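# Descriptive analysis of the structure
The lines below spell out each chain.
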Amino acid sequence: PYDGPSTAEIIAKRREFLSPALFHFYNTPLNIVEGQKQYVFDETGRRYLDAFGGIATVSCGHSHPEVVESVIKQLKLIQHSTTLYLNHTISDFAEALVSTLPGDLKVVFFTNSGTEANELAMMMARLYTGCNDVVSLRNSYHGNAAATMGATAQSNWKFNVVQSGVHHAINPDPYRGIFGSDGEKYARDVHDLIQFGTSGQVAGFIGESIQASYFLGVGGIVELAPGYLPAAYDIVRRAGGVCIADEVQSGFARTGTHFWGFQSQDVIPDIVTMAKGIGNGIPLGAVVTTPEIAGVLSRRCYFNTFGGNPMCTAAGHAVLRVIQEEKLQENAFLVGSHLKRRLTQLKDKYELIGDVRGRGLMLGVEFVTDRDLKTPAKSETLHLMDQMKEMGVLVGKGGFYGNVFRITPPLCFTLPDADFLVDVMDHALSKM
Ligand code: PMP
């Protein structure tokens, strides 16, 4: 049984000692003290079905024994800063990671987070091409440091500090975008930005394969219009740029059809960045690129104390094994397809649901008060989310207007879990 401080005490301490920028979900915030597989437990022992997975970080399931054991085993052996001595844990994981990627994506740089991975990727693109201009997508989230805040394209996440050299292209959003599902038409904006806003030569393009991200806004599980990435990559490469795929949320088998999100658009990026699900919750990130692009970092010293430390890479390697052993990609496809089908049926029943989208276990449900005008149903979304929590189901929230449910559960989510989630949502909607 839990014998820690009360929820009220935690809230008070958080207010006094932690960042004033912190926010939490739910009117009465949850105190999560334990997790097992697709479930989390609060201090009273109440179980919740976790359909958010710590923002898609929990790939294999909470406290997965194989991941936990790998971390403990490594900690008992040695844990230190990374690369000044040899340690096979790190190179073994790099080799295994590379084996999941296509083409010439063969060199790994480890970091501690997605922000760091994207910062490094953007710097490499700039060094490799000798250009500064980068194109990113409106509505994207790539991180909160200098370059990545510039690449992030939502005012909610942009502080008023210098963010130079990034041009934000029209988002190929099939639901709200002006060209519907015609990816090639959207890609013309990348061409225009380059021709009108730069010298005609760029460092590159950065984009999430499925826009996911955060609480107050950003993303909202937007699948890029079909054909977008091949057309955009082609335009960027003709302008001398390299293409970066941000797989922080869409990687590691989450989309079900593929291991990496970009594969659903049939492209091969020049640089791939990853974090979150790579370590099942352990802080780890990575940049994978070609030997040629990787070579730019030998021009100077590049060092990251904890990036790719033995403990975190042991976790990462265990994650890859578990995904394979437990067939989690296949499960994401099977359960995700079923869940999407059932959510789409719910859309036929309730006018409030404007759109159901996504792939595998990366799904979004957008709520609108008027289907024609697509008026964001912001307060209704919050209310529903709270009601579902009361009935034991946790989902995430996102979208520029905060009116999208983000469903990114641990990949061990089952068919009965999917049915339970939809039944609970159905009940909450019927009471609106
Ligand atoms: N890219 C994407 C797509 C993300 O969702 C996030 C985090 N929400 C990041 C980058 C940044 O990762 P981190 O928070 O680990 O720095």
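Residues numbered from 1 in each chain as written. Predicted model: local features only at pLDDT ≥ 70, side-chain atom pairs only at ≥ 80, totals over all residues.

### Structural notes on the environment of Ser 136
Keep this limit in mind: Helix and strand definitions follow DSSP, with helices as H or I runs of at least four residues and strands as E runs of at least two, each counted in order from the N terminus. Comment: burial labels come from other C-beta atoms within 10 Å of the residue's own C-beta, placed from the backbone, where a count of 20 or more is buried, 12 or fewer is exposed, and between is partly exposed. C-beta atoms are placed from the backbone for every residue, and two residues are taken to be in contact when these atoms lie within 7 Å.
Relative to the elements of secondary structure, Ser 136 occurs in strand 5 (residues 134-137). Residue Ser 136 is classed as buried on the basis of its C-beta count, with 26 C-beta atoms lying within 10 Å. Note: C-alpha distance between Ser 136 and Val 365 (229 residues apart in sequence) is 24 Å. Not counting chain neighbours up to four residues away, the residues in contact with Ser 136 comprise His 142, Ala 151, Ala 153, Val 166, His 168, Ile 206 and Gly 207.

### What about the nonpolar core?
What counts here: Each nonpolar core comprises buried Ala, Val, Leu, Ile, Met, Phe, Trp, Tyr and Cys residues, the members being joined through C-beta atoms within 7 Å. Domain extents, as shown, originate in an automatic or database domain assignment.
Formed by 116 residues in total, the largest nonpolar core has its most connected members in Ala 125, Val 190, Ala 232, Val 236 and Ala 286. Among the elements that make up this core, the one with the highest residue count is helix 10 (residues 310-325) (nine residues). For this core, the two domains that each supply at least three residues are domain 1 (7-63 + 327-430) and domain 2 (65-325). Those residues within four positions of Ala 232 in sequence are excluded, and the remaining contacts are Ala 187, Val 190 and Phe 205.

### Let's talk about the pairing of strand 14 (residues 362-370)
Convention followed: By definition, two strands form a pair when at least two bridges between them are found by DSSP.
Taking burial as the measure, the nine residues of strand 14 include seven buried ones, the bulk of the element. By the bridge criterion, six bridges tie strand 13 (residues 353-359) to strand 14 in an arrangement that is antiparallel. The partner of Gly 358 across the bridge, within strand 14, is Leu 363. Once strand 13 ends, the chain turns through two residues before running back antiparallel as strand 14, passing Gly 360 with a positive phi of about 55°. Relative to strand 18 (residues 404-407), strand 14 runs antiparallel, the two being bridged by four bridges. Paired with Leu 363 across the two strands is Ile 407, which belongs to strand 18. The pairing of strand 14 with strand 15 (residues 375-376) spans two bridges and is antiparallel. When the sheet's bridge partners are listed, Asp 370 is paired in strand 15 with Thr 375.

### Brief notes about the domain arrangement of the protein chain
Inclusion rule: Each residue gets one label: Ala, Val, Leu, Ile, Met, Phe, Trp, Tyr, Cys and Pro are nonpolar, Asp, Glu, Lys and Arg are charged, and the others, such as Gly, are polar.
The domain architecture assigned to the protein chain consists of domain 1 (7-63 + 327-430) and domain 2 (65-325). In this structure, domain 1 and domain 2 have C-alpha centres spaced 25 Å apart. In this complex, domain 1 contributes 34 residues to the contact, which on the side of domain 2 involves 35 residues. Those elements giving two or more residues to the side of domain 1 that touches domain 2 turn out to be helix 2 (53-56), helix 11 (328-349), strand 13, strand 14, strand 17 (396-398) and strand 18. It is helix 11 that contributes the most residues to the side of domain 1 that touches domain 2, five residues altogether. Looking at side-chain class alone, the side of domain 1 that touches domain 2 contains 14 nonpolar, 13 polar and seven charged residues.

### Things to note about the packing of helix 7 (residues 183-197) against helix 8 (residues 228-238)
Geometry of a packed helix pair, given as the angle between the helix axes and the separation of the axes. To keep things clear, this is the line we draw: Geometry is summarised by axes, namely lines fitted to C-alpha atoms with helices restricted to the contacting stretch, and by angles between N-to-C directions that run from 0 to 180 degrees. To sort the angles, those under 35 degrees are grouped as roughly parallel, those over 145 as roughly antiparallel, those from 65 to 115 as roughly perpendicular, and the leftovers as oblique. By convention the crossing between two helices is left-handed if the near helix lies anticlockwise of the far one by an angle smaller than a right angle, and right-handed if it lies clockwise.
Here helix 7 crosses helix 8 at 20°, and the two axes come no closer than 8 Å. Regarding the angle of helix 7 to helix 8, the classification is roughly parallel. For the pair helix 7 and helix 8, the sense of crossing is right-handed. Every residue of helix 8 that contacts helix 7 at Gly 183, Glu 184, Tyr 186, Ala 187, Val 190, His 191 and Ile 194 is listed here: Tyr 228, Ala 231, Ala 232, Ile 235 and Val 236. Across the contact of helix 7 with helix 8, the residue classes tally to nine nonpolar, two polar and one charged.

### Regarding the environment of Gly 336
By the element assignment, Gly 336 lies in helix 11. On the basis of neighbour count, Gly 336 is assigned to the buried category, with 25 C-beta atoms found within 10 Å. Distance in space between the C-alpha atoms of Gly 336 and Leu 361 is 4.8 Å, their sequence separation being 25 residues. Once residues within four sequence positions are removed from consideration, Gly 336 is found in contact with Gly 256, Arg 359, Gly 360, Leu 361 and Leu 363.

### Structural notes on helix 7
Residues that lie three or four places apart on an α-helix share one face, since the helix turns once every 3.6 residues. Spelled out, the test is: In this scheme, a helix's expected span is set at 1.5 Å multiplied by one less than its residue total. This arc is taken over the directions from the axis of the helix to the C-beta atoms.
Between the first and last C-alpha of helix 7 there are 21 Å, a value that for 15 residues agrees with the 21 Å anticipated at 1.5 Å per step. Inspection of helix 7 places Gly 183, Tyr 186, Ala 187, Asp 189, Val 190, Leu 193 and Ile 194 among the buried residues, and these make up the whole buried set. Angular distribution of buried residues about the axis of helix 7 spans 135°; they occupy a single face of the element. Away from its buried face, by an angle of more than 90 degrees, helix 7 presents the exposed residues Gln 195 and Phe 196. For helix 7, the elements touching its buried residues are strand 5, strand 6 (166-169), strand 7 (204-208) and helix 8.

### Quick notes on helix 12 (residues 378-390)
Helix length check: helix 12, at 13 residues, gives a terminal C-alpha distance of 19 Å against a target of 18 Å (1.5 Å per residue), a fit within 8%. The complete set of buried residues in helix 12 reads Thr 381, Leu 384, Met 385 and Met 388. Looking straight down helix 12, one finds its buried side chains confined to an arc of 100°; they lie on one side. Exposed residues pointing more than 90 degrees away from the buried face of helix 12 are listed as Ser 379 and Glu 390. Where helix 12 is buried, its residues touch strand 14, strand 16 (393-394), strand 17 and helix 13 (415-430).

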